[in-house]
Amino acid sequence: MTQPLVISVDAMGGDHGPSVVIPACARALVDRPHVRLLLHGDEAALKAEMGRHRILADRAEIRHAAKVIAMDEKPAQAMRRGKGSSMWNSVEAIREGEANAAVSAGNTGALMAISKLILRMSADLDRPALVASIPHARGVTTFLDVGANVDCDAERLVEFAIMGEAYHRAAHGVARPTVGLLNVGSEDMKGHEEVREAHRVLREGKLDLDYKGFVEGDDITGGAVNVVVTDGFTGNVSLKAMEGAAKFMFGELRGALTAGPLSNLGALLARPSLLRFREKMSPPPAAPLLGLNGLVLKCHGGADERDFTKAIRAAADVAQSGFASEIERNMRRLPAALADAGPSAADGAA
């Protein structure tokens, strides 16, 4: 019998709260019979929503939380006053051994700060990274960091490469993922100092990564490598640009297919294919925070029911993978890799 997986859910986070989170929880459980849920939030509000979904009756447990972290709350403030909030309690359930993973659509900065405070970093990592799975014609590209760390030095970028490679292998079943470093060109002299230094460590250090060198923006959706590494500022701007382009494309396509009676008929006939296309091209619903002693997934604040359903399913699937041990294995090689790459890399680490 499959061991039950427990997903801890911040049911109050995001723009919509329980009105979206609870129906999504019910949908997610339909094809995940081994999953149970801990729902953190206002008990009265959660019970009112749960009464509409019979599947939750014996597979979800409410944990009352009187506080909610606001979407615009600063991370430092969230850490000071966050104890007892739905977000705090959802992450704390992992540390207490009650849950295998946590999901929240709440404040990104607060979630990262609270998760790091409660769970701590694993394997001597310095900061967590947000990772997104970007679809392309032959599969997906693991893309990180997409917003957790705005400023990154060379060693942080190398850490992200280690985390991303381990995550891609565990989450997508690729035995030896290829890794690229995002830059403005493929030549060695291109890019700022931190990117060039990270490139040197990844190329010359003995990290046992299949590093392919610099890649450019169009390679993220082109599938040139399995894992694309960058800092959180560039990653977040790139992700939002891709999301905006996808929304524009869907809007224009919808307008063209509803322009008249004949267009409407064509749209009706093409509907199954269009739905498959939308599913493949939709932006990732949730980004795991890699590098923590536990699995936390950040769902975007405006997530609808479909998005949050995908996030819970993703949490259940990733929780069963062994990516954390893969990260630790390669992190043990990092000091030697910095030494092998020469004095410049070692000095940068110091």
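The following refers to the structure shown. (Residues numbered from 1 in each chain as written. Predicted model: local features only at pLDDT ≥ 70, side-chain atom pairs only at ≥ 80, totals over all residues. Heavy atoms only, no water.)

1. Some words on a nonpolar patch on the surface
A cluster of nonpolar side chains, Val150, Phe233 and Val237, forms an exposed patch at the surface whose accessible area comes to about 290 Å². As for its position among the elements, valine 237 is in helix 9 (residues 232-257). (Patch = residues over 30% accessible without salt bridge, like charges linked within 9 Å, V, L, I, M, F, W, Y side chains within 5 Å. Areas by Shrake-Rupley, 256 points an atom, 1.4 Å probe, with all protein chains shown as cover. Salt bridge = Lys/Arg side-chain N within 4 Å of Asp/Glu carboxyl O. Helix = DSSP H or I, 4+ residues; strand = E, 2+ residues; numbered from the N terminus.)

2. Looking at the nonpolar core
Formed by 96 residues in total, the largest nonpolar core has its most connected members in Ile7, Leu37, Leu39, Leu56, Leu144, Val229 and Phe308. For this core, the element with the highest residue contribution is helix 6 (residues 154-172), accounting for 9 residues. In this structure leucine 56 touches Ile22, Cys25, Ala26, Leu29, Leu37 and Met50, once residues within four positions along its chain are discounted. (Core = buried A, V, L, I, M, F, W, Y, C linked by side-chain atoms within 4.5 Å. Buried < 20%, exposed > 50% of the residue type's maximum accessible area, 1.4 Å probe, protein only. Contact = heavy atoms within 4.5 Å.)

3. Things to note about the environment of alanine 286
With respect to the helices and strands, alanine 286 occurs in strand 10 (residues 286-290). Placed 183 residues apart in sequence, alanine 286 and valine 103 show a C-alpha to C-alpha distance of 8.5 Å. Look past the residues within four positions of alanine 286 in its chain and what remains in contact with it is Val131, Leu297, Lys298, Cys299 and Ala311.

4. Details of the pairing of strand 3 (residues 60-64)
Across 5 bridges, strand 2 (residues 35-41) lies against strand 3 in parallel orientation. In the strand pairing of strand 3, leucine 37 is matched with alanine 60. (Pairing = 2+ DSSP bridges.)

5. Observations concerning the side chain of aspartate 10
One can find aspartate 10 in strand 1 (residues 5-10). Although buried, aspartate 10 forms no salt bridge, and the nearest oppositely charged side chain, lysine 298, lies 8.9 Å from it. A polar side-chain atom of aspartate 10 sits 2.6 Å from a polar atom in the side chain of serine 86. Within the structure, the side chain of aspartate 10 is placed 2.8 Å from the side chain of serine 104, a separation counted as a polar contact. (Lys, Arg positive; Asp, Glu negative; His and termini not counted. Polar contact = N/O pair within 3.5 Å; in protein donor to acceptor, adjacent residues only side chain to side chain.)

6. Points about the sheet that holds strand 7 (residues 178-182)
In spatial order, the strands read 3-2-1-4-11-10-5-6-9-7-8; together these 11 strands make up an open sheet with mixed pairing. Of all strands in the sheet, those bounded by a partner on one side alone are strand 3 and strand 8 (210-215). Ignoring strand direction, the axes of neighbouring strands in this sheet form an average angle of 25°. Taken together, the 3 bridges between strand 6 (residues 139-144) and strand 9 (residues 227-229) define a ladder with parallel strand orientation. Bridge pairing in strand 9 links leucine 144 to valine 229. Set on the sheet, helix 11 (residues 305-319) makes contact with strand 1, strand 2, strand 4 (101-104), strand 10 and strand 11 (295-299); between it and strand 11 the angle comes to about 160°. (Axes fitted to C-alpha atoms, helices over the stretch in contact; angles between N-to-C directions.)

7. What about the pattern of salt bridges?
The final tally for this structure, using the stated rule, is 20 salt bridges. Between lysine 47 and glutamate 43 there is a salt bridge, and its shortest N-O distance comes to 3.4 Å. Here lysine 47 pairs with glutamate 43, and both are found in helix 2 (residues 43-50), just 4 residues apart, close to one helical turn. Linking glutamate 96 and arginine 95 is a salt bridge whose minimum nitrogen-to-oxygen distance equals 3.4 Å. Overall, the relative accessible area of 46% leaves arginine 95 in the partly exposed class. One salt-bridge network, in which partners are shared between bridges, spans Asp31, Arg32, Arg313 and Asp317.

8. Here we look at the packing of helix 4 (residues 86-95) against helix 5 (residues 108-119)
Axes are the key here: two packed helices are described by the angle between their axes and the distance separating the axes. For the pair helix 4 and helix 5, interaxial distance at closest approach is 10 Å and the crossing angle is 30°. Remark: the crossing between helix 4 and helix 5 carries right-handed chirality. Here Met87, Trp88, Val91, Glu92, Ile94 and Arg95 of helix 4 come into contact with helix 5, specifically with Ala110, Leu111, Ile114, Ser115, Leu117, Ile118 and Leu119. (Left-handed = near helix turned anticlockwise from the far one by under 90°.)

9. Section: helix 6
Here helix 6 contains 19 residues, and its C-alpha end-to-end distance of 26 Å stays within 8% of the 27 Å for a straight helix at 1.5 Å per residue. With respect to burial, helix 6 is a largely interior element, 16 of its 19 residues being buried. You can read the cap of helix 6 off the contacts: a side-chain oxygen lies 3.3 Å from the backbone nitrogen of glutamate 155, and it is on aspartate 153. Two residues or fewer past helix 6, glycine 173 is found with a positive phi of approximately 70°. (Expected span 1.5 Å × (residues − 1).)

10. Topic: the pairing of strand 8
Sheet topology places strand 7 next to strand 8; 5 bridges connect them, and they run parallel. Residue pairing across strands places glycine 180 opposite glycine 213, the latter belonging to strand 8.

11. What to know about the side chain of aspartate 231
Structurally, aspartate 231 can be placed in the loop between strand 9 and helix 9. For aspartate 231, a relative accessible area of 12% gives the class buried. In this structure the side chain of aspartate 231 is engaged in a polar contact, spanning 2.9 Å, whose partner is the backbone nitrogen of threonine 234. The contact partners of aspartate 231, leaving out residues within four places of it in the chain, are Asp145, Asn149, Val150, Cys152 and Leu157.

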